[in-house]
Amino acid sequence: SPEVLCVGESMILVTPVEPAPLELAEQFALHVGGAESTVALYLAERGHRAAWLSQVGDDPLGRRMLAAVARHGVDTSAVRVRADAPTGVYFKDPGPQSTQVHYYRAGSAASRMSADNLDGLDWSATRIVHVSGITAGLSASCRGLLDAIYAAAGERGVPVSFDVNHRPGLWSAAEAAPVLLELARRADVVFVGRDEAERLWGTADAAAVATLLDAPVRLVVKDGAVGATEIAAGAEPVFVPAHAVEVVEVVGAGDAFAAGYLSELLRGSDAAGRLRAGHDLAARALSSTHDYLPET
Ligand code: KDG
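Residues numbered from 1 in each chain as written. Predicted model: local features only at pLDDT ≥ 70, side-chain atom pairs only at ≥ 80, totals over all residues. Heavy atoms only, no water.

A. Up close: the side chain of serine 108. As for its position among the elements, serine 108 is in the loop between β8 (100–104) and β9 (128–132). Taking the relative accessible area as the measure of exposure, serine 108 reaches 1% and is therefore buried. Setting aside residues up to four positions removed in sequence, serine 108 forms contacts with Glu9, Ala85, Pro86 and Gly88. (Helix = DSSP H or I, 4+ residues; strand = E, 2+ residues; numbered from the N terminus. Buried < 20%, exposed > 50% of the residue type's maximum accessible area, 1.4 Å probe, protein only. Contact = heavy atoms within 4.5 Å.)

B. Up close: the site of the ligand. Within the structure, the ligand sits among Met11, Gly33, Gly34, Ala35, Tyr90, Tyr103, Arg105, Ile134, Arg167, Val251, Asp255 and Asp291. Tyrosine 103 has a polar side-chain atom sitting 2.5 Å from an oxygen atom of the ligand. The side chain of arginine 167 places a nitrogen or oxygen atom 2.8 Å from an oxygen atom of the ligand. Structurally, the ligand is housed in the largest pocket. (Near = heavy atom within 4 Å. Polar contact = N/O pair within 3.5 Å; in protein donor to acceptor, adjacent residues only side chain to side chain. 1 Å grid on protein atoms, 1.4 Å probe; cavity = no way out; pocket = protein on both sides within 12 Å on 5 of 7 lines; lining within 4 Å. Sits in = over half its atoms within 2 Å of the grid points.)

C. Broad picture of the pattern of salt bridges. All chains considered together, the criterion is met by 13 salt bridges. Here arginine 186 makes a salt bridge to aspartate 147, at a shortest N to O gap of 3.1 Å. With a gap of 39 residues between them, arginine 186 in helix α5 (residues 173–186) and aspartate 147 in helix α4 (residues 140–156) connect regions that are remote in the sequence. The exposure class assigned to arginine 186 is partly exposed, which follows from its relative accessible area of 31%. Among the salt bridges present, the one from arginine 267 reaches glutamate 264, with a minimum N-O distance of 3.2 Å. Of the two residues, arginine 267 and glutamate 264 are both situated in helix α8 (residues 253–267); the distance of three residues between them amounts to about one turn of the helix. Since its relative accessible area comes to 45%, arginine 267 is described here as partly exposed. By relative accessible area, glutamate 264 is classed as buried at 12%. A network of salt bridges, in which partner residues are shared, links Arg46, Glu264 and Arg267. (Salt bridge = Lys/Arg side-chain N within 4 Å of Asp/Glu carboxyl O.)

D. Representation of the sheet that holds strand β1 (residues 4–7). Here we have eight strands laid out as an open sheet, ordered β4-β1-β9-β10-β11-β12-β13-β14, and mixed in their pairing. The sheet is open, and its two borders are formed by β4 (50–53) and β14 (238–241), each paired with just one other strand. When the angles between neighbouring strand axes are averaged without regard to direction, this sheet yields 15°. Pairing between β1 and β9: three bridges, direction parallel. Residue pairing in the sheet places cysteine 6 in a bridge with histidine 130 of β9. Along the sheet, α4 contacts β1, β9 and β10 (160–163); its crossing angle with β9, the most-contacted strand, is approximately 160°. (Pairing = 2+ DSSP bridges. Axes fitted to C-alpha atoms, helices over the stretch in contact; angles between N-to-C directions.)

E. Layout of the sheet that holds strand β3 (residues 28–33). Taken together, the four strands give an open sheet; going across it, the order is β3-β2-β7-β8, and neighbouring strands pair in mixed fashion. What marks the edges here is a single partner per strand, and that holds for β3 and β8. Taken pair by pair, the neighbouring strands of this sheet meet at an average axis angle of 25°, ignoring direction. Summarising the sheet, strand β2 (residues 11–16) and strand β7 (residues 89–93) pair through three bridges and their orientation is parallel. By the bridge assignment, leucine 13 is partnered in β7 with tyrosine 90.

Right, here's the structure in full:
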C-alpha cells in the first residue's frame, strides 16, 4: 500500500508542440495534466510509493492516461473506470508570462467522484494524503469526497496536504474563497500562492494568511520567481528564494513544488530543505510546457 495518496481529476492535456497560440499552432501533443497526479508522478520519481485515486472514462483517452501515469511508477489501482461519463480534456494556450487553459471537463468521469471512491482503500502504510481545491470546484459529490478524505485521514492520524489551487476557469474567487479557506483550516500542510491568497482572501502577507488559517497548520506561501515561505506553529518563518530560471510555461510548477516539499517532509528534512526541494522540482516544470517532465 502507498506511502502517499494523491486524489483528484486528471485530464488529457493537448498542447502545441512549438510554443504558439492555440489558434495558430499546427501540431499538437497529448500529455497527462492534473494537479494531483502530477504530484504523485514527481513523488514516485523521487522513490516514494505514490498512489493516485481518481476516475476516468471507459474510453481511449482514459486508458491512455492510466497507462501513462502507471508507466512512471504511480500506483493506479484506486482509479475507477466509468462507462457513463468521459475523460476530461484541456488545452493549454502557452505563454511565458501566463498560460490560458481551456477545459472540456464538465460532467467528466472524475467530476462524478464521491465519498464512495474511498471504499476498500488500504490506508495501512499511508503517511500523507494530498488533495487540492480543484476537486472542491468540480461538483458537490467531489466536495463530499474531500470531506470523507479529511474524516478518514483524521481517524487514522494521517496528515492531509492541501494545495489551495483556485482555478478561475472552474469557479469564481467569491464562490471559492470560503470553501477553500475551510479546507485549508482543516488541513495539516497548506500550499498557497501569494497572488492566489490575495485574490481569495484579500491578503498576500504570509503571516496574515497564517493568522487567517488560525490552526496549527504548516503553511507554505509561494511567491513565484521570488521564493517561498514556510510558517509553522511555534517556529520562526523560513524563506528560501526560488532558482533563477528561464520560464517556458508556468502550469505544473506548483505541483512540482508540492511534490519536492512533501518528499523532504517524509524524509524528515528541515524547513529550508523542504522548500529547496520544492524549488528544485518547480524549476524543471517551468522549463517545459508539460506538467510532468520526466527526468532525462
Ligand atoms: O496545477 C496544474 C493544473 O492546474 C493542471 O494540470 C490542470 O489539473 C488541472 C486543473 O484542473 O486546472
